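# Examining the three-dimensional arrangement
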Amino acid sequence: MATINDIQDEIIEDFSIYEDWTDKYEYLIDFGKSLSILDEKYKTEETRINGCQSKVWLYAEKQADKVVFFADSDAIITKGIVGLLVKVLSGHTPEEIAESDLYFIDKIGLKEHLSPTRANGLVSMIKKIKTYGVAFQAIN
Amino acid sequence: MLDIQKIRADFPILSEKIRGKQLVYLDNGASTQKPKVLIEAEQYFYEHQYANIHRGVHYLSQIGTDLYEASRKTVQQFINAKHDHEIIFTKGTTNSINLVAYTFGRKFIQARDEIVVTEMEHHSNIVPWQILCEEKGCILKVIPLQKDGTILLEDAARLITSKTKLVSVVYVSNALGTINPIQELIALAHSKGAKIMIDAAQAIQHIPIDVQALDCDLLAFSAHKLYGPTGVGILYGKEDILNAMPPFEGGGDMIENVSFAKTTFNALPFKFEAGTPHISGCISMSVAIKYIQDLGLQKIMEYEHSLLEYATERLNAINGLTIYGTAKDKSSVISFLLEGIHPYDVGVLLDNQGIAIRTGHHCAQPVMEYFNIPGTCRASFALYNTKEEVDVLVEGILRAKKMLS
Ligand SMILES: Cc1ncc(COP(=O)(O)O)c(C=O)c1O
């Protein structure tokens, strides 16, 4: 089973062939569109991520000892970005998630989305996803 | 005719490259860029003239005080106020409105009295009144929006009554560009014995304003949307109203005499200017105003209007694009959405092409709620924008649309 870092490295490699922003965003848009739509019943105040200009939801559940994430957004680029986080972290243990170092964000040039004032709230997404990790750890 | 190329050369930032592309700055509603004369004036002040004002007998303090007071006179003359002490330096529009809510509001508005705003207000002209209403038990009445982004004078006439103590309305909507019929609203308010405040944050840089001709009681704006510095704004008020209002903040400069037995307050305008102000900004604001006056605000208005018309025509020709705010009287703001596409996605893709617009609710969530939309993309123009930039915007939108559909 691929580790969190394996998946990050894979994404970094995918992005490395893109020369300009158009390719990168086309990837994010296509990726965002390819992701399934989160069922309305999971779009609640608890799963909603605040601090984003678009609406973003992140739902998590425990399957055996792993946490599985499902995300959605009404903006497609945002969905692509949160989708990458899900791709990297879903299917790992709460400990792995809570302790992960998400270096791929910087490497694929999404760091500009990390500034806390940035309207897409990547920071809030990471915080939320890690909070799930910590919360599921506590339940153990 | 304005020489736009010459004007553009006065704004150093306009020649910046963003992500390798020529910057196209269309977020002037949020804030305008600064002319070189203003940047140089601030630098000169700090290098040669800086000291605290109103406090020292020494040479520099005197110079600073003179410049500060001269700037007040420039603002007075710019909006044609009757007296220079009717011009209060504040931190900005938000601060000016809060000042009125805390002073005029606390003193003159009681339980069950009414305050009237419109549905298109910026949050800065909603929240201070909600806080006041919460505290005092007064009531906030809202003149409703129409589909084209205007309000109806019939509605205003119905809502402004003898119970109304204050009407506080936006002159130009930052989210829709609508120019409100403030002359009529002022007359309506006065006919019912109410006072009226104008939020001129989006008007002062586009429309010549004469507060005596308008006969408004209070008026607020920010320097940073007027090609001036951040952190400075103006509250204009008629002398008798400002005199009747209690002080806002207590502190230095706003007092006449302080003792533990009794403190007396300074006269206007100092009564409302407690503490050391943003001295360099208050001074350089007048440089920005003079810059605009030299060009002529009337000419600026006409030029910006031609830009708006051109941009409206070009954007309307884009399939699936809807413009929000289609009033006959509009200022240089175009709010739009592409069908089935979130405004944020458009904003990101335009940003990558060097085009700066704003996306979101523009601090006017009730407007978004009215149209039942998550927000809009907003292009807002200033005197240095060009038709070529509108063309770049249109190309950029088409490209974003292609990528997103
Ligand atoms: C109509 C309107 N009112 C008030 C404000 C608040 O201005 P400031 O943030 O400078 O206080 C703005 C600025 O966005 C505005 O557009």
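Since this is a predicted model, take the numbers as computed values, not measurements. (Residues numbered from 1 in each chain as written. Chains lettered and ligands numbered in written order. Predicted model: local features only at pLDDT ≥ 70, side-chain atom pairs only at ≥ 80, totals over all residues. Heavy atoms only, no water.)

## Some points on the overall build of chain A
Secondary structure assignment for chain A yields six helices and three strands. Across chain A, helices and strands are ordered from the amino to the carboxyl terminus as α-α-β-β-β-α-α-α-α. Relative to a compact globule of 140 residues, whose C-alpha radius of gyration would be 14 Å, chain A shows 14 Å and is just as compact. Expressed along its principal axes, the backbone C-alpha trace of chain A runs to roughly 45 × 30 × 25 Å. Expressed as a percentage of the 140 residues in chain A, the buried residues total 48%. Pairs at least 24 residues apart make up 64% of the contacts formed inside chain A by residues separated by at least 6 positions. Of the roughly 6900 Å² that chain A leaves accessible, carbon and sulfur atoms contribute 52%. Positive and negative charge centroids in chain A, built from 16 and 24 side chains respectively, lie 6 Å apart. (Helix = DSSP H or I, 4+ residues; strand = E, 2+ residues; numbered from the N terminus. Rg over C-alpha atoms; globule rule 2.2 N^0.38 Å. Buried < 20%, exposed > 50% of the residue type's maximum accessible area, 1.4 Å probe, protein only. Contact = heavy atoms within 4.5 Å. Areas by Shrake-Rupley, 256 points an atom, 1.4 Å probe, with all protein chains shown as cover. Lys, Arg positive; Asp, Glu negative; His and termini not counted. Charge placed at Lys NZ, Arg CZ, Asp CG, Glu CD.)

## Here we look at the interface of chain B and chain A
The accessible area lost on association of the parts is a frequent measure of interface size. In this assembly, 16 residues from chain B lie in contact with 18 residues from chain A. On the chain B side of the interface with chain A, the three residues burying the most area are His342, Tyr344 and Met403 of chain B, jointly 41% of the side's total. Where chain B packs against chain A, one counts zero salt bridges. The tally of links between chain B and chain A comes to six residue pairs in polar contact (both at pLDDT 80 or more). Taken together, the elements giving at least two residues each to the side of chain B that touches chain A come down to helix H12 (343-351), strand S16 (358-360) and helix H14 (387-404) of chain B. (Buried area = accessible area lost by both parts, 1.4 Å probe. Salt bridge = Lys/Arg side-chain N within 4 Å of Asp/Glu carboxyl O. Polar contact = N/O pair within 3.5 Å; in protein donor to acceptor, adjacent residues only side chain to side chain.)

## Considerations on the site of the ligand
Residues and elements named next belong to chain B. Residues in close proximity to the ligand include Thr93, Thr94, His122, Ser124, Val170, Asn174, Asp199, Ala201, Gln202, Ser222, His224 and Lys225, which together make up its full environment. Side-chain polar atom of Ser222 to an oxygen atom of the ligand: 2.6 Å apart, as the coordinates give it. Computed on the free molecule, the ligand has an accessible area of 390 Å², of which 86% lies beneath the protein chains in the complex. Here the shell around the ligand is composed, by residue class, of two nonpolar, eight polar and two charged. (Near = heavy atom within 4 Å. Nonpolar A, V, L, I, M, F, W, Y, C, P; charged D, E, K, R; others polar.)

## Structural notes on unusual backbone geometry
Residue and element names in this part refer to chain B. Going from Leu268 to Pro269, the amide bond is cis rather than trans, its omega being 0°. Along the chain, Pro269 turns up in the loop between strand S12 (264-265) and helix H10 (279-295). A positive phi angle, close to 70°, is found at Arg112, a residue other than glycine. Relative to the helices and strands, Arg112 resides in the loop between helix H4 (93-108) and strand S5 (114-118). Residue Arg112 is classed as exposed on the basis of its relative accessible area, which comes to 64%.

## With respect to the domain arrangement of chain B
Residue and element names in this part refer to chain B. You can read the domains of chain B as domain 1 (4-35 + 296-400) and domain 2 (40-293). The straight-line distance from the C-alpha centre of domain 1 to that of domain 2 is 27 Å. Contact residues are listed per partner, giving 41 residues for domain 1 and 35 residues for domain 2. Taken together, the links from domain 1 to domain 2 amount to zero salt bridges. The tally of links between domain 1 and domain 2 comes to 26 residue pairs in polar contact (both at pLDDT 80 or more). (Domains from an automatic or database assignment.)

## Details of the environment of Thr312 of chain B
Relative to the assigned elements, Thr312 of chain B resides in helix H11 (residues 297-316). Distance in space between the C-alpha atoms of Thr312 of chain B and Tyr384 of chain B is 18 Å, their sequence separation being 72 residues.

## A word on the sheet that holds strand S2 (residues 56-63) of chain A
Pairing between the strands of a sheet comes from backbone hydrogen bonds, and it takes one of two forms, parallel or antiparallel. Residue and element names in this part refer to chain A. Strand order across the open sheet formed by three strands is S1-S2-S3, with antiparallel pairing between neighbours. Unpaired on one side and paired on the other, strand S1 (48-49) and strand S3 (66-73) mark the two borders of the sheet. Sheet strands touched by helix H3 (residues 76-89): S2 and S3. Its angle to S3, the strand with the most contacts, is close to 175°. (Pairing = 2+ DSSP bridges. Axes fitted to C-alpha atoms, helices over the stretch in contact; angles between N-to-C directions.)

## What to know about the packing of helix H2 (residues 21-34) of chain A against H3 of chain A
All names here are of chain A. The interhelical angle for the contact between H2 and H3, taken along N-to-C directions, is 80°, at an axis separation of 7 Å. Judged by the angle between their axes, H2 and H3 are roughly perpendicular. Taking contact as the criterion, the partners of Tyr25, Tyr27, Leu28, Ile29, Phe31, Gly32 and Lys33 in H2 are, on H3, Ile76, Ile77, Lys79, Gly80, Ile81, Gly83, Leu84 and Lys87. The residue makeup of the contact of H2 with H3, split by class, is nine nonpolar, three polar and three charged. (Parallel < 35°, antiparallel > 145°, perpendicular 65-115°, else oblique.)

## Details of the nonpolar core
Counting 149 residues, the largest nonpolar core has Phe69, Leu84 and Phe104 of chain A together with Ile198, Phe221 and Met285 of chain B as the members making the most contacts within it. For this core, the two domains that each supply at least three residues are domain 1 (4-35 + 296-400) and domain 2 (40-293) of chain B. Phe69 of chain A has contacts with Leu58, Tyr59, Ala60, Val86, Leu89, Ser90, Ile97, Ile129 and Tyr132 of chain A, leaving out every residue within four places of it along the chain. With 23 residues, the next largest nonpolar core counts Ile88, Val100, Leu132 and Met245 of chain B among its residues. (Core = buried A, V, L, I, M, F, W, Y, C linked by side-chain atoms within 4.5 Å.)

## Considering the pairing of S3 of chain A
Residues and elements named next belong to chain A. Within S3, six of the eight residues are buried, leaving the element largely enclosed by the surrounding structure. Where S2 meets S3, eight bridges bridge the pair, whose relative direction is antiparallel. If you follow Gln63 over to S3, its bridge partner there is Lys66. Hairpin connection from S2 to S3: two residues lie between these consecutive antiparallel strands, with Ala64 at a positive phi of about 55°.

## Brief notes about the side chain of Thr118 of chain B
Residues and elements named next belong to chain B. With respect to the helices and strands, Thr118 occurs in strand S5. Side-chain polar atoms of Thr118 contact the side chain of Glu121, separated by 2.7 Å. Beyond its immediate sequence surroundings of up to four residues, Thr118 is in contact with Val142, Ile143, Ile151, Ser168, Val169 and Val170.

## Overview of the packing of aromatic side chains
Applying the stated rule across the entire model yields 21 aromatic pairs over all chains. Where Tyr132 of chain A meets Phe136 of chain A, the ring centres are 6.4 Å apart and the plane angle is 20°; that geometry is what we call stacked. Separated by four residues within a single helix, Tyr132 of chain A and Phe136 of chain A lie in helix H6 (residues 122-139), roughly one turn from each other. Given the relative accessible area of 13%, Phe136 of chain A is considered buried. For the pair Tyr324 of chain B and Phe371 of chain B, a centre-to-centre distance of 5.2 Å together with 75° between the ring planes defines the contact as edge-to-face. Taken together, the residues span a long stretch of sequence, with Tyr324 of chain B in strand S13 (residues 321-324) and Phe371 of chain B in helix H13 (residues 365-371) at a distance of 47 residues. In terms of burial, Tyr324 of chain B and Phe371 of chain B fall into one category: buried. Counting every residue linked through ring pairs, the aromatic cluster contains Phe15, Tyr18, Tyr27 and Phe31 of chain A. When the ring centre of Trp57 of chain A is taken as origin, the NZ or CZ atom of Lys43 of chain A, which lies over that ring, is 4.7 Å away. The positively charged end of Lys387 of chain B is found above the aromatic ring belonging to Tyr310 of chain B, 5.3 Å away from the centroid. (Phe/Tyr/Trp six-rings, centres within 6.5 Å; stacked < 30°, edge-to-face > 60°. Lys NZ or Arg CZ within 6 Å of the ring centre and 35° of its normal.)

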